[in-house]
Amino acid sequence: MDMSFTPEQIRFREEVRQWIEQAMPAPIRKKAQNGAHFEHEEQMEWHKTLYKKGWVAPHWPKEVGGTGWDATQRFIFNEELSRASAPPLSPFGLAMVGPLIIQFGTPEQKTRYLPKILAGEEVWCQGYSEPNSGSDLASLQLKAEKDGDNYVLNGQKTWTTHAQYADWIFVLCRTKFDGKQQEGITFLLCDVKNTPGITVKPFMTTGGTLAFSETWFENARVPQANRVGPENGGWTMAKALLGHERTTIAGVGEIRRYINLIKRIARDTKVGTGSLLEDPAFRARIAALEIRHRALMMANYRTLASAQLGRAPGPESSILKIVGSEIQQYCYELMMDAMGHNALGWFDSGEILPMHEQWVASQFNYLRATTIYGGSNEIQRNIIAKLILQLPGA
Ligand SMILES: Cc1cc2nc3c(=O)[nH]c(=O)nc-3n(C[C@H](O)[C@H](O)[C@H](O)COP(=O)(O)OP(=O)(O)OC[C@H]3O[C@@H](n4cnc5c(N)ncnc54)[C@H](O)[C@@H]3O)c2cc1C
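Criteria and thresholds
Residues numbered from 1 in each chain as written. Predicted model: local features only at pLDDT ≥ 70, side-chain atom pairs only at ≥ 80, totals over all residues. Heavy atoms only, no water. Helix = DSSP H or I, 4+ residues; strand = E, 2+ residues; numbered from the N terminus. Rg over C-alpha atoms; globule rule 2.2 N^0.38 Å. Buried < 20%, exposed > 50% of the residue type's maximum accessible area, 1.4 Å probe, protein only. Contact = heavy atoms within 4.5 Å. Lys, Arg positive; Asp, Glu negative; His and termini not counted. Charge placed at Lys NZ, Arg CZ, Asp CG, Glu CD. Near = heavy atom within 4 Å. Polar contact = N/O pair within 3.5 Å; in protein donor to acceptor, adjacent residues only side chain to side chain. Areas by Shrake-Rupley, 256 points an atom, 1.4 Å probe, with all protein chains shown as cover. Nonpolar A, V, L, I, M, F, W, Y, C, P; charged D, E, K, R; others polar. Phe/Tyr/Trp six-rings, centres within 6.5 Å; stacked < 30°, edge-to-face > 60°. Lys NZ or Arg CZ within 6 Å of the ring centre and 35° of its normal.

A. Main features of the overall build of the chain. For the chain, the helix and strand inventory stands at 12 helices and 10 strands. Rg of the C-alpha trace for the chain: 22 Å, near the compact-globule value of 21 Å for 394 residues, within the 12% margin. The C-alpha extent of the chain, read off along each of the three principal axes, is 75 × 50 × 45 Å. Classification of the 394 residues of the chain by burial places 51% in the buried group. Look at the contacts in the chain between residues 6 or more apart in sequence, and 72% of them connect residues 24 or more apart. The positive charge centre, built from 43 side chains, and the negative charge centre, built from 42, are 3 Å apart in the chain.

Rendered as structure tokens:
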């Protein structure tokens, strides 16, 4: 991928930068500059702002609402979003089920679901994990039995991020109980808000936020027309979607936000007669972090450029997931180090503390999960060993 910029690309960057500058609502900008956690409503407000401009899904094909930008324009766009510390958008519709419907959905499904995902009118969540089926996803037990034009669902999902806000959930369910586990799974789209028998019970993280839920299905009837791909063909859907998910989880934009904040904090932290940012040992840690981030960013864009040529993200997305999740955790370790005892605040401290002091410990705790969600890093290492390095299984 050629990363030297032409005059048109430089003009494009300027256009994007100016638009973000004037379009980002002031309260969101204030939070962005101060490293605070974005609430769901703020993510959706930013989603809708981007949608109105036509820029919410640059990674989608133009005919279904993408921008038609090339890989370099998307690179520039994402760099400018990171530079402005813009809120990350909810990935479940835009980055997961949307691309899956584009790839495998029927024409009716594309017409029904894609415009509402783009407009932010319908929020999605992901129902893959169950209490005893996380890493061993193929063992999942949510039962879906045919009855007339419907499937009747019974069972439980867990760790359903943002289910309490969601209008729709995409689930993997079991439609065949004998034979190979992977060959009995089906991918369904379920209307969370309007289907009797689906109950969402949110629970709290150690970061103090209500990030996810348990989702229960009790005789919930879901039309067969909501199936993506063939019955018992859900494992192919599951894997395609996970490829998209793991690429997103690299968190290139979030890491940029974190590094910007670390630098700002270090600049404001006095050490002797200077600032922490002038301290050679601290500078070396920042430099090492910048280098790791740069390498991740280039690897990520290679994957995106290849996706733009029509290739689905392959097992290399596991590398992005491991490296990105580890860097995200390291950022908050460095931030805690930079802040010392000022990192002991909590987000219910009102206006007494600066915003970044209120959120750093909560974010540090929450980010412990990055090496777990989207498939734990141990499992990603197994995937790399098997599918990329062609090593024999244990
Ligand atoms: C913050 C957060 C948000 C999440 N959001 C969602 C969501 O929105 N939707 C959803 O469906 N799921 C979600 N998940 C679930 C997530 O995908 C699972 O937690 C993850 O896949 C791991 O599964 P598990 O928790 O059952 O751990 P287990 O599978 O029980 O694993 C426990 C430990 O054993 C290791 N292990 C297991 N098997 C192997 C093996 N074969 N080789 C080596 N090590 C192994 C694992 O790596 C891990 O360290 C979320 C999880 C978290 C923490």
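B. Layout of the site of the ligand. In the vicinity of the ligand lie 21 residues, with S129, S135, W159, T161 and S376 positioned nearest. Separating an oxygen atom of the ligand from a backbone N or O atom of Y128 is a distance of 2.9 Å. Contact between the ligand and S135: an oxygen atom at 2.6 Å from a side-chain N or O atom of the residue. If the ligand stood free it would expose 970 Å²; the protein chains cover 67% of that surface. The set of elements that each furnish at least two residues to the shell around the ligand consists of strand 1 (124-127), strand 3 (150-161) and helix 12 (377-388). Along the lines of polarity and charge, the residues of the shell around the ligand split into nine nonpolar, 11 polar and one charged.

C. Spatial organisation of unusual backbone geometry. Phi is positive for W159, which is not a glycine, with a value near 55°. Given the relative accessible area of 51%, W159 is considered exposed. The phi angle at Q390 is positive, at roughly 55°, despite the residue not being glycine. Among the secondary structure elements, Q390 is positioned in the segment after helix 12. Note on Q390: relative accessible area 61%, which makes it exposed.

D. Structural view of the environment of D147. You can see D147 is positioned in strand 2 (residues 143-147). Through-space distance from the C-alpha of D147 to that of Q224 is 9.4 Å; in sequence the pair is 77 residues apart. Beyond its immediate chain neighbours, meaning those up to four positions away, D147 contacts V152 and R221. A polar atom in the side chain of D147 sits 2.9 Å from the side chain of R221.

E. Inspection of the packing of aromatic side chains at higher detail. Inspection of the entire model under this criterion finds 17 aromatic pairs. Where F170 meets F187, the ring centres are 5.7 Å apart and the plane angle is 10°; that geometry is what we call stacked. Of this pair, F170 sits in strand 4 (residues 168-174) while F187 sits in strand 5 (residues 185-191), and the two are 17 residues apart along the sequence. Accessibility assignment for this pair places F170 and F187 in one class, buried. Here the aromatic cluster, defined as three or more aromatic residues joined through ring pairs, consists of F12, W19, W46, W55, W69 and F77. Positioned above the aromatic ring of F5, the side-chain terminus of R13 is 5.1 Å from the ring centre. One cation-aromatic arrangement involves R368 over F364; the distance from NZ or CZ to the ring centre is 4.1 Å.

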